Each structure stands twice: as C-alpha cells, then as structure tokens.
Amino acid sequence: MSSYLEATARQRVAALISDFTEFLPPAKEWTSPHLPQLNAPVSFDDGVVIGRGIIDGRQVYVAAQEGGFMGGAVGEVHGAKLVGLMRAAVVHKPQALVLLAESGGVRLHEANAGLIAVSEVMRALLAVRAAGIPVIVVIGGSNGCFGGMGIVSRCANTIIMSEEARLAMSGPEVIETANGVEEFDSRDRALVWRTTGGKHRYLLGDCQMLVADDDAAFKTAIVQAMQDSVQSEVALSLAALEAEQKMLTARLQDFGSKTEPMDIWAAMGIENPEDIAMLDTDAFLQMSASIRQTERQHG
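Quick summary incoming for the structure in this document. Every residue gets a number counted from 1 within its own chain, in the order that chain's sequence is written. pLDDT decides what is reported in this predicted model: residues at 70 or higher carry local features, side-chain atom pairs at 80 or more are listed and counted, and totals for whole chains, interfaces and linings draw on all residues regardless. To get the side-chain values, all heavy atoms of the structure are used, and hydrogens and water are removed first.

Further remarks concern the layout of surface pockets. Only protein atoms enter the 1 Å grid, on which a cavity is a set of points fitting a 1.4 Å probe that cannot get out and a pocket is an open set with protein on both sides within 12 Å along at least 5 of 7 lines, lining residues being those with an atom within 4 Å of a point. Grid points are joined across faces, edges and corners, and a volume is the space filled by probe spheres set on the points. Within this model, the second largest pocket holds a volume of roughly 450 Å³. Taken together, 24 residues form the lining of the second largest pocket, with Gly 104, Gly 105, Val 106, Gly 147 and Val 174 sitting closest to its centre. Helical segments are the DSSP runs of H or I of at least four residues, strand segments are the runs of E of at least two, and each set is numbered from the N terminus. Secondary structure elements with two or more residues in the lining of the second largest pocket: α3 (111-130), α4 (147-154) and α5 (172-179). Under this grouping Gly is polar, as are all residues other than the nonpolar Ala, Val, Leu, Ile, Met, Phe, Trp, Tyr, Cys and Pro and the charged Asp, Glu, Lys and Arg. Of the residues contributing to the lining of the second largest pocket, the split by class is 12 nonpolar, 9 polar and 3 charged.

Now the structure itself:
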C-alpha cells in the first residue's frame, strides 16, 4: 500500500500514469514573472506537472498540482499551463482529462493575475467537457482543495476523494479570519475534517467516489470513472445544471439550520453519527449504501 497523501505531484503521476510525457518540464524554466519582484522563491514548473500518458490502456491528459510549492496555489503561469493542457485535450481528444488537485486556491502573491487564471481554468475545463471528454478530479493531498480550485473541481464530471482529503470553497483559516473563532475554530482538526473531509463530501454528494489513501485504490477509481463516463452525459447541460440547483436547494432546506456535520448525518438517518470518524473506508461505504437504499425505498 502506497500513500497518496504523502506523495509529491511527480510521485503521484508516476504511480498512476504509465508512458508519461511531460509538457513544459522544469528544464524549460517557465517560472512566475511576479514572485521575483516580491523576493519570493520560484519553481521551474510553477507548482504543476502537465502531460499525457496511459492508464489502463487509455490515453489521458493529466495535471498534478504540487502542494509543496506555495500550497499548490494558482498563479499566472500555473494557470496558463492548466489552460494549455485543457485546450490541447480539446484538439487531440484523449479518453479523459485527469486533474490531481491539491491547492489552497489563488496565489495571493499574484493577485488579479491569479484570479484571472482560475477563471480561465474553469472555462477551459467546461470546454473539455463540451468536447465530450470526461474530466476526473482526484483529491487526496495534505493541503486539500480550496478556493478557486474547489470551484473548478466541482465543475468536473467526477470527483474522487480519500477520507483524508478536504474540499471546500473557503479554508478553515479564511473562515475564522473573516468571521471569528466562534464561527469556525481552525485549530479544531476534528471539526475541520468533519466539515470538509472526504466522508462528509461523499455523504452530501459533492464527490462521487471515496477510496482509501492508496495509489492503487485511486487508480482503480479513475479507471471506473472513465468506464462510467461512457454511459453518461459528459458535457454540462442545462438539465444537469437545473438538477444541481434543485439538489442544492433541497440541501439548504434540509440542513441549512445545522452548524455541526454530525447533526446533518443524524438528519440523514445515520443512527450513530459519532462513529463515522472511526469507520474504515469499506465499512463507511457499506453504511452509506444502506442509507441511500433506504432513501430510495422511501421515495
């Protein structure tokens, strides 16, 4: 068993993708034009690895964000590499685009350039889907996936997470800074994972697949997501968007008054929500399947 959580971006690509060819490798020295002006260090790949390769005999285009460089934050060059990869995917039609996301969001050092980059990434991702190419996002790094990249991820066809992964719009420290510790205590790690972690996101329907923190488990899930995409609509349609809005409206009505994730889990029909944290992935998925079957039976 090899931990995805503890790996670097390049190690993740090596574990998941065979015959990988990198576009704009470090030797090309595409670095941020903004960071040197702030006396900040640069990275020769600007914190993201992009290229093409093979998974389970299928060609995929892949991007992997490096959480070890500025938390995987998106700057101008970082974003341009993602956009370039996605535009190339539209032209060359791989069987999927896989994004190994690990990011705190926009790189604040680059201000508007980072914000614009994230918006361009989002538009490029939707163009990939419109071209009939499924977009699969994998989240399992220690930095989680927050801010603009959290939004980008929710634009994908499939999100795969581990229990240790985190996904949200605003990070815990951002919420605490804006609204005070009474609103959200970022030092309460158990609360952070209950609120943004993989199990909660899976129960809410924000991610479609939950796996153990293991490279092989993530790879199997990616292959399954590619197979499932053959039988489903890839492009974002108006009907799909309306269904998403209907789901979010129902969620707000059912859980909008609750501030503790365990209260939400109890409202879903989970008898002992306090036990969720102790369940391994298989046991948790079995429990979730039982809950969803009960929901279907009751309409």
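From this point, things continue past the structure.
Before going further, it helps to spend a moment on the pattern of salt bridges. Pairing of side chains with opposite charge becomes possible as their charged atoms draw close. Between Lys or Arg on one side and Asp or Glu on the other, a salt bridge is scored when a side-chain nitrogen of the former is within 4 Å of a carboxyl oxygen of the latter. Throughout the structure, instances matching the rule amount to 13 salt bridges. When the shortest N-O distance is used, the salt bridge between Glu 110 and Arg 107 registers 2.9 Å. Accessible area is worked out with a 1.4 Å probe on protein chains only. A residue is then buried under 20% of its type maximum, exposed over 50%, and partly exposed in between. Residue Arg 107 is classed as buried on the basis of its relative accessible area of 1%. Among the salt bridges present, the one from Glu 244 reaches Arg 154, with a minimum N-O distance of 2.4 Å. Linking Glu 244 in helix α9 (residues 238-255) with Arg 154 in helix α4, this pair joins segments that are 90 residues apart in sequence. Look at Glu 244 and you get partly exposed, because its relative accessible area is 26%.

Okay, the environment of Pro 36 next. Of note, Pro 36 is situated in the loop between β1 (18-23) and β2 (48-55). Separated by 211 residues in sequence, Pro 36 and Met 247 place their C-alpha atoms 45 Å apart.

Another aspect to go through is helix α8 (residues 215-229). In a regular helix each residue adds 1.5 Å, so 15 residues correspond to 21 Å; α8 covers 21 Å between its end C-alpha atoms and thus fits that length. Buried within α8 we find Asp 215, Phe 218, Ala 221, Ile 222, Val 223, Ala 225, Met 226 and Ser 229. Between the first and last residue of a helix there are one fewer steps than residues, each counted as 1.5 Å, and that sum is the expected span.

Let us now look at unusual backbone geometry. The phi dihedral of Asp 46 is positive, around 50°, even though this residue is not glycine. Relative to the elements of secondary structure, Asp 46 occurs in the loop between β1 and β2. Owing to a relative accessible area of 0%, Asp 46 belongs among the buried residues under this scheme. For Met 70, which is not glycine, the phi dihedral falls at a positive 55°. Here Met 70 is to be found in the loop between β3 (58-65) and α2 (76-92).

It is worth spelling out the packing of aromatic side chains at this point. Any pair of Phe, Tyr and Trp rings, taking the six-membered ring for Trp, is counted once the centres come within 6.5 Å. Such a pair is stacked with planes under 30 degrees apart, edge-to-face with planes over 60 apart, and tilted for the rest. Within this structure, the stated rule accounts for 3 aromatic pairs. Note on Tyr 4 and Phe 218: the rings are 4.4 Å apart at their centroids and 40° apart in plane angle, and the pair reads as tilted. Separated by 214 residues along the polypeptide, Tyr 4 in the segment before α1 (9-16) and Phe 218 in helix α8 bring together distant segments of the chain. Exposure class is identical for Tyr 4 and Phe 218. Each is buried. Our definition puts a charge over a ring when NZ of Lys or CZ of Arg is within 6 Å of the ring centre and also within 35 degrees of the ring normal. The positively charged end of Arg 12 is found above the aromatic ring belonging to Tyr 4, 4.5 Å away from the centroid. A cation over a ring is seen here: Arg 166 above Trp 193, with NZ or CZ 4.7 Å from the ring centre.

Turning next to the side chain of Ser 229. Mapped onto the elements of the fold, Ser 229 is located in helix α8. Classification of Ser 229 as buried rests on a relative accessible area of 13%. The term polar contact refers here to a pair of N or O atoms within 3.5 Å; inside protein, the definition further demands a hydrogen-donor-capable atom paired with an acceptor-capable atom, and it admits residues adjacent in sequence only when both atoms are side-chain atoms. In terms of polar contacts, Ser 229 uses its side chain to reach the backbone carbonyl oxygen of Met 226, at 2.6 Å. Setting aside residues no more than four positions away along its own chain, Ser 229 makes contact with Pro 134 and Val 234. Any pair of residues with heavy atoms lying within 4.5 Å of one another is described as a contacting pair.

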